[in-house]
Amino acid sequence: MRKKKAEHPNHERWLVSYADFITLLFAFFVVMFAISQVDAQKLGRFVESVNVAFALQGVFPEAGPQAALEAQGSSGTSIRPSIVSPKPTVLPEVGPPSRRAAQLYRQLEERLRRLDRRVRLRFDPRGVVLMLSESGFFESGSAEVLPDSLATLREAAAAVCELGTPVAVEGHTDDVPISTPVFPSNWELSTARATRLVRYLVEQAGCDPAKLTATGYAEHRPLGDNATAAGRALNRRVDLVVLTEPGEPRSSR
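The notes below deal with the structure included here. Since we're looking at a predicted model, the values are computed, not measured. (Residues numbered from 1 in each chain as written. Predicted model: local features only at pLDDT ≥ 70, side-chain atom pairs only at ≥ 80, totals over all residues. Heavy atoms only, no water.)

### What about the pairing of strand β1 (residues 119–124)?
Most of β1 sits inside the fold, with five of its six residues counted as buried. Connecting the antiparallel pair β1 and strand β2 (residues 127–133) is a turn made up of two residues. (Buried < 20%, exposed > 50% of the residue type's maximum accessible area, 1.4 Å probe, protein only. Helix = DSSP H or I, 4+ residues; strand = E, 2+ residues; numbered from the N terminus. Pairing = 2+ DSSP bridges.)

### Examining the nonpolar core
Residues Leu108, Val128, Leu130, Val169, Leu197 and Leu240 are the most contacted members of the largest nonpolar core, which totals 34 residues. For this core, the elements supplying multiple residues, two or more each, are α4 (99–111), β1, β2, α6 (150–161), β3 (167–172), α7 (186–203) and β5 (237–243). It is α6 that provides the largest number of residues to this core, a total of six residues. Counting seven residues, the second largest nonpolar core, distinct from the first, contains Val129, Ala168, Leu223 and Leu234. (Core = buried A, V, L, I, M, F, W, Y, C linked by side-chain atoms within 4.5 Å.)

### Some words on the packing of α6 against α7
Orientation of α6 relative to α7, taken along the N-to-C sense of each, is 70 degrees, at an axis distance of 10 Å. As judged from the angle between their axes, α6 and α7 are roughly perpendicular. Classified by chirality, the crossing of α7 by α6 is right-handed. Counting all contacts with α6, which are made through Leu150, Leu153, Arg154, Ala157 and Cys161, the residues of α7 involved are Leu197, Tyr200 and Leu201. Grouping the constituent residues of the contact of α6 with α7 by class yields seven nonpolar, no polar and one charged. (Axes fitted to C-alpha atoms, helices over the stretch in contact; angles between N-to-C directions. Parallel < 35°, antiparallel > 145°, perpendicular 65-115°, else oblique. Left-handed = near helix turned anticlockwise from the far one by under 90°. Contact = heavy atoms within 4.5 Å. Nonpolar A, V, L, I, M, F, W, Y, C, P; charged D, E, K, R; others polar.)

### Quick look at a nonpolar patch on the surface
A cluster of nonpolar side chains, namely Leu15, Tyr18, Phe21, Ile22, Leu25, Phe28, Phe29 and Met32, defines an oily patch on the protein surface of about 780 Å² accessible area. Counting through the fold element by element, Leu25 comes out in helix α1 (residues 14–36). Overall, the relative accessible area of 34% leaves Leu25 in the partly exposed class. (Patch = residues over 30% accessible without salt bridge, like charges linked within 9 Å, V, L, I, M, F, W, Y side chains within 5 Å. Areas by Shrake-Rupley, 256 points an atom, 1.4 Å probe, with all protein chains shown as cover. Salt bridge = Lys/Arg side-chain N within 4 Å of Asp/Glu carboxyl O.)

This is the structure:
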């Protein structure tokens, strides 16, 4: 009878378990890394929009948003303090360029008094400006008008068109870069928003198309400081400039 050879113990079997462990550990860290990545631009704009909306409605006390940020930061979430500012940027005071502009301002103010703060009036060297904020009328990075803002837009458009005065529709953004398949830059986005509102004024409000123009200025004509959240929110807007002055001079800004 042949004698059976003795089997030697395999001292490298631990490598199999070790390799499985390393593979699982690698997969775990890949998943953790993936879910920890946040689109900083979208997060910043979301926080800004919420802050501006609450600030306009007086929901937060003056130190409320900052205190909320500090509490969130203490829990381990890193957010720059400059993302939220409790006070909206104050518009520069510009007087009426003419008696006609002052008269139209009062007329529009009376007509739009019942509207919310998404529509704001100011003077410009060219006439009177109706400011439509991005947060009130557009999704971030989109030129489509929000459905819940159509009633407000209808009132503002009717008030402007009834004047029978030339209107320059001007799109503006903040200085945060944008690059999407639809809008490669802020130039395209600001121009598309202005054009979209011109179409609305003509097709829905009955404005004379010969008295309308559409222009996009991207981030190059700011009203607020792009270093603050409230300033960037103020800059993301579409202006309806009611041109009352002869020669329609451009703003110095």
